Amino acid sequence: MTLLQEAVIYLIAALIAVPISRKLGFGSVLGYLAAGIIIGPFGLGFIKDAEHILHFAELGVVFLLFVIGLELQPSRLWVLRRMVFGLGSAQLIISAGAIAAIGLLFGLALTEAVLVGFILALSSTAFVLQLLAEKKELTTTHGRAAFTILLFQDLAVIPLIAILPMFGAAAGQGFEFRGLAIAVAMIGGLIIGGHYLLRPVLRIAARTQIPEIFTATALLVVIGAALLMQAAGMSMVLGAFIAGMLLADSEYRHELEADIAPFKGMLLGLFFIAVGMSVNLGLLVQHPGTIMLIVICLMVVKAAVLFPLARLFGICDIKGASSLAAVLSQGGEFAFVLFAIAARHQIIQTDVIDQLILAVAVSMLLTPVVYLLNQQIVSRMEKDEEPGYDQMEGQQHAVIIAGFGRFGQIVGRLLAIVGRPFTALEIDASQVDVVRKYGNIVYYGDASKLDLLRAAGAEHARLFVLAIDDIEASIKTAQTVTRHFPDLTIVARARNRRHEYHLMDLGIKHIFRETLLSSLAMTEQVLFDLGFEEQEVHRLITTFREKDAQLIREQHAVQHDEEQLIQTARDTARELELLLRSDLKQ
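The structure reproduced in this document is the subject of the present report. All values derive from a computational prediction rather than experimental measurement.

## Points about the nonpolar core
- Of all hydrophobic cores here, the largest spans 108 residues; its most connected members are F66, L256, F334 and F339.
- At twelve residues, helix 3 (residues 51-71) tops the list of elements feeding residues into this core.
- The contacts of F66, once residues within four sequence positions are left out, are V222, A240, F241, A243, G244, L247, L256 and I260.
- Counting 26 residues, the second-largest nonpolar core is a separate cluster that includes V481, A492, L503 and I508.

Given below as structure tokens:
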């Protein structure tokens, strides 16, 4: 089979497996692994030899390390030093120690057990960050903690890659200090030479103003640095990482990252496909108990280490700590790289490496399931802990405020000043606690629930102030009120035009788009400061408000026709500009 025919098979497998995997919520990495397993020698057998493509696909890991190096600015590392070097190092060392101890119990030699411990203590950066990003949890406490731990692990991979070949030499013929000296000299030469040469070379490429030349130069920098390290007997990814760090503070950082990203993405996907092809599924059939025991030990040990560490460092509550433990419990993609180096230098027995690689792949396959189960347990815990809605008896106030956040509180404060009592409803329990600390009376409850509205006195109220921040919840509440209390006047807050259209569909007439009035007030101040007369400014602002209200009414009628929306907006903008200019000339 030709290389071009193989490429077609890889592309078809990826195009089928990756979207399905992402649709099922498992992420793209598992899709690539599954594609490799299916087309590989242990699957359908479309590709018989995975080894030759694996060597080429390792360039994906090289580019990944270069990009990681680009992101590791010294200033950023300093800000995150406690989390990265404190929590990150504690996780790696304790997990490695626990896994090594289990390895010794299973009969591994001390050197093998220690190396296996450190390799399996690593988690999957690509897998975890993508999983958290897809679930929009990167900014949560456990998401940020996961990032810092993975950042330290990425840093720790570099010395592991550098020293692994030396264990092979040490095992066979004693430790070779000459090789270490050459390695240190080569690293030093790369750092010094790169510091003085990389930016001038990139500057010359940038001055050509030919994008292809700059891209070619970027590729040359990465591959050249990788080959230098390989010539010194070390892994290529070390050179790429050093080159990335040298350029982390350069003006070309973002351009380099953008140019390398497509190559990194495609080659990394190919690397995972190659790893999937090399996974010996026959071992899982032959030794299912052994493989699953390794997987369970790996995931349980890492989770058991991560949970108390997260609590000890005070970064997560119990729910966040359990989420962190679940999401980082698998083996990582660098395990495939490190085990390949260990096999090449005969540091660890081949049959042991095959079992461990399969165990890492299975742990990655199980992580989305484990994380999903953890999220369900966390949600159940939150539901059990959620306080019951407040009981309200005899509420007969003329005004009900639904949503007592930053918007609703202003309405409430002014009503209190003029002596008009109101009933405030808020669904966020933490917000209720905060507001009550300042002496406000607010009831916890979901304003879209009919029973709660009746308890709040909606049948006797005159005005319903809809100040809920969440658009979906706001519309749901408005639907309940308009359906069951048609005589209750609603004064609504709208987040944007689309929200306003939905509220208008329900027949609500008093709608205030939250950014309109504040932006007009700011514009008024800007015009005053520019020297415009007060009467002139008020006329401009009033005209603008009237035209905006007219546009809202016109666009509401054609809201589902994008061409009509654009045309009405253009017509109104042109009319408004002519009108205001004529006013200014008067």
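## A word on the pattern of salt bridges
- In the structure shown here, the tally under the stated rule is seven salt bridges.
- Residues E514 and R406 are paired through a salt bridge, measuring 3.9 Å at the closest nitrogen-oxygen approach. Linking E514 in helix 23 (residues 514-529) with R406 in the loop between strand 1 (399-402) and helix 18 (408-417), this pair joins segments that are 108 residues apart in sequence.
- Overall, the relative accessible area of 18% leaves E514 in the buried class.
- Among the residues examined, R406 registers a relative accessible area of 58% and is labelled exposed.
- For D469, the salt bridge goes to R493, with nearest N and O atoms at 2.9 Å.

## Description of the pairing of strand 6 (residues 510-513)
- A one-sided burial pattern is seen for strand 6, the buried positions being I511 and R513 and the unburied ones H510 and F512.
- Here strand 5 (residues 489-494) runs beside strand 6; their pairing, made up of four bridges, is parallel. Following the sheet pairing, R493 is matched in strand 6 by F512.
- Taken together, strand 5, helix 22 (residues 497-505) and strand 6 constitute a β-α-β crossover, and its handedness is right-handed.

## Let's talk about the packing of helix 6 (residues 110-121) against helix 16 (residues 333-344)
- Relative to each other, helix 6 and helix 16 sit at 155°, their axes nearing to 8 Å. Between helix 6 and helix 16, the interaxial angle falls into the category roughly antiparallel. Across the interface between the two elements, V116, I119 and L120 of helix 6 pack against A335, L338 and F339 of helix 16.
- Looking at the contact of helix 6 with helix 16 residue by residue, the class counts come to six nonpolar, no polar and no charged.

## Comments concerning the sheet that holds strand 6
- Overall, parallel pairing links the six strands, which are arranged 3-2-1-4-5-6 in an open sheet. If you trace the sheet from one side to the other, it starts and ends with strand 3 (443-444) and strand 6, each paired once.
- With respect to the sheet, helix 18 is in contact with strand 1, strand 2 (422-426) and strand 4 (463-466), its orientation differing from that of strand 1 by roughly 155°.
- Against the sheet, helix 21 (residues 471-484) makes contact with strand 4 and strand 5, and its axis sits at roughly 165° relative to strand 4, the strand it touches most.

## Quick word on a nonpolar patch on the surface
- Side chains of V8, I12, I16, I20 and L24 sit close together on the surface and give an oily, nonpolar patch of about 470 Å² of accessible area.
- For I16, the location among the structural elements is in helix 1 (residues 3-23).

## Here's the deal with the environment of I223
- With respect to the helices and strands, the residue I223 is situated in helix 10 (residues 211-231).
- Note on I223: relative accessible area 30%, which makes it partly exposed.
- With 17 residues separating them in the primary sequence, I223 and A240 have C-alpha atoms 7.2 Å apart.

What counts as what
- Residues numbered from 1 in each chain as written.
- Predicted model: local features only at pLDDT ≥ 70, side-chain atom pairs only at ≥ 80, totals over all residues.
- Heavy atoms only, no water.
- Core = buried A, V, L, I, M, F, W, Y, C linked by side-chain atoms within 4.5 Å.
- Buried < 20%, exposed > 50% of the residue type's maximum accessible area, 1.4 Å probe, protein only.
- Helix = DSSP H or I, 4+ residues; strand = E, 2+ residues; numbered from the N terminus.
- Contact = heavy atoms within 4.5 Å.
- Salt bridge = Lys/Arg side-chain N within 4 Å of Asp/Glu carboxyl O.
- Pairing = 2+ DSSP bridges.
- Right-handed = clockwise from strand over helix to strand, strands pointing away.
- Axes fitted to C-alpha atoms, helices over the stretch in contact; angles between N-to-C directions.
- Parallel < 35°, antiparallel > 145°, perpendicular 65-115°, else oblique.
- Nonpolar A, V, L, I, M, F, W, Y, C, P; charged D, E, K, R; others polar.
- Patch = residues over 30% accessible without salt bridge, like charges linked within 9 Å, V, L, I, M, F, W, Y side chains within 5 Å.
- Areas by Shrake-Rupley, 256 points an atom, 1.4 Å probe, with all protein chains shown as cover.

Take it as geometry only, folks, not as evidence of what the structure does.
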